[in-house]
Amino acid sequence: MSRFRVPGMGRVDHEAPVKFRFDGVHYAGLAGDTVASALLSHGVHLMGRSFKYHRPRGPVSAGSDEPNALIGTRRSRARAEPNTRATMQEIYSGLRTVSQNKYPSLKFDVGAVNDAAYMLFSAGFYYKTFMWPRSFWDRVYEPVIRAAAGLGVAPDREDPDHYAGRYLHTDVLVVGAGPAGLAAARAAAEAGQRVVLVDEQAEAGGSLLSEPSVRIGGKPAWDWLAAELAALERLGVRVLPRTTAIGYYHQNFVALCQRLTDHLADPDPALPRERMWRVRAGQVVLAQGALEKPLVFDGNDRPGVMLAGAAQTYLNRFGVRVGDRVAVVTVHDSAWFAAFDLADAGSKVAAIVDLRPEVSENLRDGAKARGITVLTGHTVTGTSGRLRVTSVRVNRLKDGGGLGAPRQIDCDALLMCGGWTPSLHLFSHTKGSLRWDADGRTFLPDRTLEDCRIAGAGRGLWGIADALADGAAMGAAAAQAQPGTVPAVENDRTGGGIAMAELPTDRNASRARAFVDYQNDVTAKDLRLAVKEGMRSIEHVKRYTTNGMATDQGKMSNINGLMIAADALGKAPPQVGLTTFRPPYTPTTFGVFAGYHRGGHFEVTRKTPIDGWAEAQGAVFEPVGHWRRARYFPRGREGMDAAVARECAAVRNGVGLFDASTLGKIEVAGPDAVEFMNRVYTNPWTKLQPGRCRYGLLLGDDGFIRDDGVIGRLADDRFHVTTTTGGAARVLNMMEDYLQTEWPDLDVWLTSTTEHWAVLALNGPMTRDVLAPLVGGLDISAGAFPHMSVAACTVAGVPARLFRVSFTGEVGFEINVPARHGLAVWETLMDAGADHGITPYGTETMHVLRAEKGYIIVGQDTDGTVTPHDAGLGWAIGKAKPDFIGKRGLERPDLVAPGRKQLVGLLTEDRSRLEEGAQIVLDPKQPKPMKMVGHVTSSYASAAVGRPIAMALVEGGHDRMGETVYVPMPDRVIAAKITDTQFHDPAGDRLKL
Amino acid sequence: MLLIHCPCCDETLPEMEFAYAGEAHVARPADPSAVSDAEWEAFLFIRTNVKGPHFERWRHIHGCGRFFNAVRDTVSDRFLTTYPAGAPRPDLTTLMGDDA
Ligand SMILES: [Zn+2]
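Structural notes, computed from the coordinates. Since this is a predicted model, take the numbers as computed values, not measurements.

Some points on the overall build of chain B
- Counting secondary structure elements, chain B contains two helices and six strands.
- Each helix and strand of chain B, placed in order from N terminus to C terminus, yields the pattern β-β-β-α-β-β-β-α.
- Viewed in the frame of its principal axes, chain B has a C-alpha envelope of about 40 × 35 × 20 Å.
- Split into buried and exposed, the 100 residues of chain B put 35% on the buried side.
- Accessible area for chain B stands at about 5,500 Å²; split by element, carbon and sulfur atoms hold 52% of it.
- One finds the centroid of the 9 positive side-chain charges in chain B at a distance of 4 Å from the centroid of its 15 negative side-chain charges.

So, in structure tokens, the structure goes:
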């Protein structure tokens, strides 16, 4: 039995010891313990060091609002997690935990020198201290701050766990399984609704777990709880413990994070670690209760100082006394009951200090019966103790203001209670408005547009009877039913209190270490200083001081921070307002957000029918949009440059085969197809005969190039449109947009056929030797089937649409066959071409070959601000057409002004290869910053040209032919001559073979 | 995630199935060559960017594929109504009641 454990008390299993480690030391807790309760049972309060000042800290709460007791948990090198709240982590056999933010040890930490330098680290110190010199930031400030401040250490291995996700539709979602939530779930379920009840704790019960002396419906609280949970199960209510509602989104969409294995010693590896439930609820009942506020006084962060309600929970739920000699400071009745429970369990209560001049008779009687000293009208002005509180400094509040002489009261724990504030976070996620309750000096939920109700302490009601009644009423209302009867409650310890800003003191307030935000080490002085230095909005005060910006999202600090800021501003709290609460409610793993979407499932990888063949051939792939495409096919130990040079030579001298299946394809059909094409593409289509193709250029209405591709006219009323690989979906969407909303009178159908056709591109002077024997029903000789022809035929016995087009400058055919035949036809072509040395080539070779011909790639050589004229494609515009998308845009003043960036070729004087993206200047000797006149868009080594080639966008480039421009690089300046973009076979003779 | 009513399918479906498509009732001039630079600029670039009820276009891209119009309150993110493309602009006073 550990020293502070009370035999027989709590919901822990006193027969089931559980061994775990903290900072290398072995401890035994009990099944049902958290790390915090187990350590407290051994009298260990010191669990961590604070973020900025490295002050020793212990748990201040017993729940998810814990700001101090953040620990690292560890199963293995990869299964390790920093910043876990010791108050939430359940222990299991073999659990290893470590304290954080300390060096070299938790009990002796050199970083605590920051604490001595407290005056340097006041509000806004980031903004003041590190302004200059700028070079100091990288070399001095940042490394030092990073080493000294900060939280835990992230694991350095990939997370081996997996995370699940599920959608859930339900009539009623109840968040919080305390008395209000239990009653709401029961009422809704009895009205026939599908109900889901969730709670972040390991078991349902909420405040009942800390109040076992209450009797409900004639039964002890925990017997009633067990019976109630059994009744909910019979009614089909889905009860999810260890499940946190992290965010409340539009239209009753609530995200729940369910923790499945973090409490298990030896979890089944098949289990996901966590599961994200995405719930769409008809009605939501928020029954999250209220959060206890700390009091703000000098030394309120010393280990052993904690919330009174937390001490009550440690005692009643876990059977742990938080100290032998306990003092209490409070402004609310609830702390008195915690003191009474501790006294009854054998702790000495040294004193109850209450700032209120009077308290109720039954509190006084309760204290008197237990021999507890009562100091009403007193305040606390400090604490002592290095790693644990040893005494508290108490002064009488004089009637006319001012404080009496201090006295010292010895204690090993100090319980504080600054009253309670409703848990408003989820309600605030709905953009719900808040109402200031002047009597309770707290914000209460007011109105929301969601189908959402708040029950119990979450809307300012106190006590278990009220929570049960309100929960039942809200659950019934959510089910549109009449509320049923509510069980009678005996021994309900209700009460009230007042609210305070920081406590009065007789000492120099500017030296007080009265913490408001424990996790970010923000003091009352910091908040007052922020106001003094000109911060007026609470949002500015928050950012200047970082109050409420730590991982606990200000669950404890927001209201206290507001009270102090309001006091400093001389305004009422509602005039100052609360900062915005945002999801997630508690820190949530990246893993559960990612869910299944990681690794190969992060996003789709689209593969062509040839993909498997290419992989078997050892192709190196590259992503293009969502596609993965073969970039090159290395032979032996060939690198990319060698492979690409070999593939290029094969196409220029023999025959190459390229998988162009990713090309976007849209079938445009219908009586008005030609009119539609005339309006959409810049080119004229009316006179294009069926069986012929044309290069099509697509603009936006702003006049800039959006896409391009070869388009074949299959029949009077049918076009086979191709788009860029990445542009297919965008082009179809744009076509649908104009067709549906601007020209609904046109009778045209648009169909995406990208994935229906495999496209096999054969290119090179020997192409026809390979293809001709395989073609049925079509003469593909140069005379019968010239460049830019399209026809239906068979290839290798498979029905095909055969295009004679070229993106290489060589004789080329694009064989479109139904995708399911793609691989068979590909393999037939490879066999048929074996004697001609047929060579598969990838996208890198395709890029080189097209660049040698000056064919642009939209998105590489254009950037969304390039007109057809800029790109040298003015010839593609049907000037006689009355309108097309972009025609009017091309007349815009900026688009016809001189000095536009235009696409040109570049040849370097020293025959070096330029870097794509490199900037271009006219005069390399000009002072910096130089005027940049353009940039390199494409650059390749070219065997066919005999030197590297490049394309670039250059201001007024078309009028600079033959001029020399300069490309400044880190080590030198490269001179390059502006040329035409057609580097190879400019007359296009090879296309006509 | 919002729920959106597609007027074509007559079903209320998750936002994932839809794609936003900019402000509604911005008609492309019937004869663009006849409009001034300023008018063309207004058509291309000038949008109302309202705080409150906003007339906007959506496409049921992973469903029926139709473009349609909606009125959405940009403050609350609530959809007040959806209606087919080409239908007249609905009356805000009727839609919003006292809040208009
Ligand atoms: Zn639809």
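Moving on from the coordinates now.
Structural notes on the nonpolar core
All names here are of chain A.
- F20, F297, Y314, V322, V329, L415 and M416 are the most contacted members of the largest nonpolar core, which totals 79 residues.
- Sequence-distant contacts of L415, that is, excluding residues within four places in its chain, are made with M306, A308, A311, V322, V326, A327, V328, V329 and L342.
- Core analysis: the next-biggest nonpolar cluster, separate from the first, contains 37 residues, F704, A761, Y841 and L895 among them.

Some remarks on the coordination of the zinc ion
Residue and element names in this part refer to chain B.
- Around the zinc ion, the protein supplies C6 (SG), C9 (SG), H60 (ND1) and C64 (SG) as donor atoms, at distances of 2.0 to 2.3 Å.
- For the zinc ion, the four donor atoms in the first shell make angles of 107 to 117° at the metal, so the coordination geometry reads as tetrahedral.
- When the donor residues of the zinc ion are listed from N- to C-terminus, their spacing reads C-x2-C-x50-H-x3-C. One end of the pair, C9, is in the loop between β1 (3-6) and β2 (11-14); the other, H60, is in the loop between β4 (53-59) and β5 (67-73), with 51 residues separating them in the sequence.
- Judged by its relative accessible area of 1%, H60 falls in the buried class.

Re the side chain of Q283 of chain A
All names here are of chain A.
- Tracing the sequence through the fold places Q283 in strand β15 (residues 274-286).
- With relative accessibility at 19%, the residue Q283 sits in the buried group.
- Apart from residues lying up to four places away in sequence, Q283 is in contact with D171, V172, L173, N252, D451, R453 and A478.

Considerations on the pairing of strand β19 (residues 348-354) of chain A
All names here are of chain A.
- In terms of burial, β19 is largely enclosed, as six of its seven residues are buried.
- Pairing between strand β18 (residues 325-330) and β19: six bridges, direction parallel. Bridging across to β19, T330 finds its partner in D354.
- Taken together, β18, helix α8 (residues 334-344) and β19 constitute a β-α-β crossover, and its handedness is right-handed.
- Of the strand pairs in this sheet, β19 and strand β20 (residues 374-376) are connected by three bridges, and their pairing is parallel. Within β20, the residue paired with D354 across the bridge is T376.
- Traced from β19 through helix α9 (residues 361-369) to β20, the parallel crossover comes out right-handed.

Side note on the packing of aromatic side chains
All names here are of chain A.
- Inspection of the entire model under this criterion finds 21 aromatic pairs over all chains.
- Ring centres of Y314 and F318 lie 6.0 Å apart, and the angle between their planes is 40°; this geometry places the pair in the tilted category. Here Y314 and its partner F318 are both found in helix α7 (residues 308-318), four residues apart, which amounts to about one turn of the helix.
- When the ring of F807 is compared with that of Y855, the centres are 5.7 Å apart and the planes differ by 10°; the resulting orientation is stacked.

Let's talk about helix α5 (residues 179-190) of chain A
Residues and elements named next belong to chain A.
- Its 12 residues place the ends of α5 16 Å apart at the C-alpha level, agreeing with the 16 Å of an ideal helix rising 1.5 Å per residue.
- Summarising burial for α5: 10 of the 12 residues are buried, a large majority.
- Among all positions in α5, only P179, A180, G181, L182, A183, A184, A185, A187, A188 and A189 are buried.
- For α5, the secondary structure elements touched by its buried residues are β8 (163-175), β9 (195-198), α6 (221-234), β15 and α11 (464-478).
- Remark: G192 follows α5 within two positions and exhibits a positive phi of approximately 90°.

Topic: the sheet that holds strand β38 (residues 718-723) of chain A
Residues and elements named next belong to chain A.
- Pairing in this open sheet of five strands is antiparallel, and the strands run β36-β37-β38-β35-β39 from one edge to the other. The two strands at the open ends of the sheet, each matched to only one other strand, are β36 (693-699) and β39 (749-752). For this sheet, the mean inter-axis angle between neighbouring strands, taken without regard to orientation, is 25°.
- Where strand β37 (residues 705-715) meets β38, four bridges bridge the pair, whose relative direction is antiparallel. Directly across from R713, in β38, lies its bridge partner F719.
- Sheet contacts for helix α19 (residues 673-680): β35 (664-669), β36, β37, β38 and β39; angle to β38, the most-contacted strand, approximately 30°.

As for the interface of chain A and chain B
- Facing 28 residues of chain A, the contacting portion of chain B comprises 27 residues.
- Interface area for chain A against chain B, summed over the two sides, is near 2,300 Å², with a carbon-plus-sulfur share of 47%.
- Considering only the surface of chain A that becomes buried against chain B, Q251, Q740 and R888 of chain A emerge as the three largest contributors, covering 28% of it.
- The interface formed by chain A and chain B contains five salt bridges.
- Ionic pairing is found between R888 of chain A and D37 of chain B, a salt bridge with its closest N-O pair at 2.7 Å.
- Summed over the shared surface of chain A and chain B, the number is 17 residue pairs in polar contact (both at pLDDT 80 or more).

Quick look at the pairing of strand β6 (residues 80-85) of chain A
Residue and element names in this part refer to chain A.
- Two elements, strand β5 (residues 70-74) and β6, share four bridges in a ladder whose sense is antiparallel. Note on β6: the bridge partner recorded for I71 is T84.
- Between β5 and β6, which follow one another and run antiparallel, lie five residues.

Looking at the sheet that holds β19 of chain A
Residue and element names in this part refer to chain A.
- Strand order across the open sheet formed by five strands is β17-β24-β18-β19-β20, with parallel pairing between neighbours. Lying at the two open borders of the sheet, with one neighbouring strand each, are β17 (305-307) and β20. Going across the sheet, the axis of each strand differs from the next one's by a mean of 20°, ignoring polarity.
- Pairing between β18 and strand β24 (residues 413-417): five bridges, direction parallel. Note that in β24 the partner of V329 across the bridge is M416.
- Sheet contacts for α7: β17 and β24; angle to β17, the most-contacted strand, approximately 85°.

Quick word on the packing of α7 of chain A against α8 of chain A
Residue and element names in this part refer to chain A.
- One way to put it is that α7 packs onto α8 with a least axis distance of 8 Å and a crossing angle of 35°. Viewed along their axes, α7 and α8 form a crossing whose handedness is left-handed. Taking contact as the criterion, the partners of A308, A311, Q312, L315 and N316 in α7 are, on α8, S334, A335, A338, D341 and L342.
- For the contact of α7 with α8, the residue count by class is six nonpolar, three polar and one charged.

Calculation criteria
- Residues numbered from 1 in each chain as written.
- Chains lettered and ligands numbered in written order.
- Predicted model: local features only at pLDDT ≥ 70, side-chain atom pairs only at ≥ 80, totals over all residues.
- Heavy atoms only, no water.
- Helix = DSSP H or I, 4+ residues; strand = E, 2+ residues; numbered from the N terminus.
- Buried < 20%, exposed > 50% of the residue type's maximum accessible area, 1.4 Å probe, protein only.
- Areas by Shrake-Rupley, 256 points an atom, 1.4 Å probe, with all protein chains shown as cover.
- Lys, Arg positive; Asp, Glu negative; His and termini not counted.
- Charge placed at Lys NZ, Arg CZ, Asp CG, Glu CD.
- Core = buried A, V, L, I, M, F, W, Y, C linked by side-chain atoms within 4.5 Å.
- Contact = heavy atoms within 4.5 Å.
- Donors = N, O, S within 2.8 Å, 3.2 Å for Na, K, Ca; no water.
- Tetrahedral: all angles 85-135°; square planar, octahedral: opposite > 155°, others 65-115°.
- Pairing = 2+ DSSP bridges.
- Right-handed = clockwise from strand over helix to strand, strands pointing away.
- Phe/Tyr/Trp six-rings, centres within 6.5 Å; stacked < 30°, edge-to-face > 60°.
- Expected span 1.5 Å × (residues − 1).
- Axes fitted to C-alpha atoms, helices over the stretch in contact; angles between N-to-C directions.
- Buried area = accessible area lost by both parts, 1.4 Å probe.
- Salt bridge = Lys/Arg side-chain N within 4 Å of Asp/Glu carboxyl O.
- Polar contact = N/O pair within 3.5 Å; in protein donor to acceptor, adjacent residues only side chain to side chain.
- Left-handed = near helix turned anticlockwise from the far one by under 90°.
- Nonpolar A, V, L, I, M, F, W, Y, C, P; charged D, E, K, R; others polar.

Take it as geometry only, folks, not as evidence of what the structure does.
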